[in-house]
Amino acid sequence: MKFNKKLYIKTWGCQMNVYDSSRMADILAPLGYMTVEEPDDADMIILNTCHIREKATDKVFSEIGRLKIHKDKKVEAGGSMLMAVAGCVAQAEGDFIMKRAPTVDMIFGPQTYHELPEMVAKATGAYGENRIVNTEFPEKTKFDFLPEEQNQGASAFLSIQEGCDKFCTFCVVPYTRGAEYSRPVDKIVDEAKRLVDNGSKEITLLGQNVNAYHGENVDGKTWGLGRLIEAVAEIDGIEQIRYTTSHPRDVDQELIDAHRDVQKLMPFLHLPVQSGSDKMLKVMNRKHTADRYREIIADLKKARPDLVFSSDFIVGFPGETDQDHEDTMQLIRDVKFASAYSFKYSARPGTPAANMTNLVREDVKTVRLTQIQELIGEFQAEFNADTVGKTLPILFERKGKKEGQLQGRSPFYQAINVPANERLIGQIVDVHVTDSTGHALTGEVVTAVSTSENLTENIVKSA
Ligand code: 5AD
Ligand code: SF4
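Residues numbered from 1 in each chain as written. Chains lettered and ligands numbered in written order. Predicted model: local features only at pLDDT ≥ 70, side-chain atom pairs only at ≥ 80, totals over all residues. Heavy atoms only, no water.

Asker: Got a minute to help me understand the sheet that holds strand β16 (residues 339-344) in this structure?
Answerer: Paired through backbone hydrogen bonds, the strands of a sheet run either parallel or antiparallel to each other. Judged by pairing direction, the sheet is parallel, and its three strands sit side by side in the order β14-β15-β16 without closing on themselves. The sheet terminates laterally at β14 (268-270) and β16, the two strands that pair on one side only. Adjacent strand axes in the sheet meet at a mean angle of 15 degrees when their direction is disregarded. Strand contacts of helix α10 (residues 290-303): β14 and β15 (308-315), with the helix running at about 165 degrees to β15, the strand carrying the most contacts. (Pairing = 2+ DSSP bridges. Helix = DSSP H or I, 4+ residues; strand = E, 2+ residues; numbered from the N terminus. Axes fitted to C-alpha atoms, helices over the stretch in contact; angles between N-to-C directions. Contact = heavy atoms within 4.5 Å.)

Shown next, in the form of structure tokens:
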């Protein structure tokens, strides 16, 4: 492949967007675009945006303003730069962006980026006379058109499902990503094999509602996520499997069994609950109770006793009382999450909750958010401290911030920094955990006992 153009992609939001960005780079590579780390001299800039929480559109406009300076400079010097806004803000606010930001040449949503080569061909010129808005939901899925993916490194994302039909009242995803769609089993297995051939050891199966997966197998039967995980685990070279993001309602027995039977399935599960109050869960349209969530956690833990959980919480949803908040705090105490994200509720235009009037005051939200974050932080610190003294297999993903250190993840998805030779990047290595700072761990590579020939070889090399 001959690279003669520079492509700068900035990605906001979820792993799905990270995956989409890497696929956009794959599509543009045959056109000569090579990804670069800085926007200054780029021939094309893509802002892959997220619309899930507040100020999403403002952030995009301020980024466009910043990048316009680069574009103007390049154009003044006789060059050109295509500017594109992609992702969920593009999907939701495409026409508005077109109107307000003349510097933007292309706007496309998450379901049309496979048409990038045609869009690029149309939108040539410094201030593209042929500006494009492409926010359809095409009949045929983009997956039928995407080229083979390039190297993603030690830990790779694989999109298996997209869109959502759940319509939680606060959420824009069903509107920006569209209806639920599951990729066929053979396409996923092929992609997983190629990722392994390219050196990936861990695969994270991705979907907005990943455990709603119901893909077709070659024999015409429909498979759920549990079966799919078993099939992916049989691929030689895949050492670790994760999946995200799941919904409590779609945790079925097959998936629970997969946690029991598939050792490659990592003992960490992100299972968003949003609230611990039945009243809030109902108005959020989550369609389960807090006790049902507790039961699911108990069933999963029975299947895989070392399994730990993380979650998402929304604080200050319309109508949330002190008691509702306390119910959420109690759920956190009961489950003892290993980590979790919590967000202040923000009304998203076009969602049912945006019309609710019994709003919670901003200062009340702030107090509740702090309380939740402190409680979660305590459990996270406790869990991390419990890991100190243990030896865990760590997948080294990249160089650490400090010289001579590598950064990796434990099976429980804890970030860990370890002094180690760069050659160990991409390897799973036994590490003795020596310390914990609330959020991250530190450790030392275990050199005396090694579990595989590969490991021994690498340690000898790195010594
Ligand atoms: N306000 C606040 N948080 C939200 N999330 C989704 N929509 C909103 C919103 N309108 C959070 C949920 C979800 C996570 C990805 O983002 O907790 O699980
Ligand atoms: Fe949004 Fe709910 Fe669908 Fe998750 S399940 S993507 S929160 S609508």
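Having seen the structure, we can now continue with the description.
Asker: Teacher, can you tell me more about the pairing of strand β7 (residues 155-159) here?
Answerer: Two faces belong to every sheet, and in a regular strand the side chains alternate between them. Of all the five residues making up β7, four are buried; the element is thus mostly covered by neighbouring parts of the structure. Note that β7 and strand β10 (residues 202-206) share five bridges and pair parallel. Looking across to β10, one finds that Ser155 is bridged to Glu202. (Buried < 20%, exposed > 50% of the residue type's maximum accessible area, 1.4 Å probe, protein only.)

Asker: How should I be thinking about the nonpolar core in this particular structure?
Answerer: Generally speaking, a soluble globular protein has its nonpolar side chains buried in company with each other. Of all hydrophobic cores here, the largest spans 52 residues; its most connected members are Ile160, Leu205, Leu225, Leu228, Ile229, Tyr243 and Leu300. Beyond its immediate chain neighbours, meaning those up to four positions away, Ile160 contacts Tyr181, Ser182, Arg183, Ile188, Leu205, Leu206, Val210, Tyr213, Leu225 and Leu228. One finds Ile9, Tyr19, Met44 and Ala84 within the second-largest nonpolar core, a separate group that totals 26 residues. (Core = buried A, V, L, I, M, F, W, Y, C linked by side-chain atoms within 4.5 Å.)

Asker: Teacher, can you tell me more about the pairing of strand β1 (residues 5-11) here?
Answerer: Alignment of β1 against strand β2 (residues 33-35), held across three bridges, turns out to be parallel. When the bridges of β2 are listed, Leu7 appears paired with Thr35. Of the crossover connections in this fold, the one passing from β1 over helix α1 (residues 15-28) to the parallel β2 is right-handed. Of the strand pairs in this sheet, β1 and strand β3 (residues 44-49) are connected by five bridges, and their pairing is parallel. Residue pairing for β3: Tyr8 is matched across the bridge by Ile45. (Right-handed = clockwise from strand over helix to strand, strands pointing away.)

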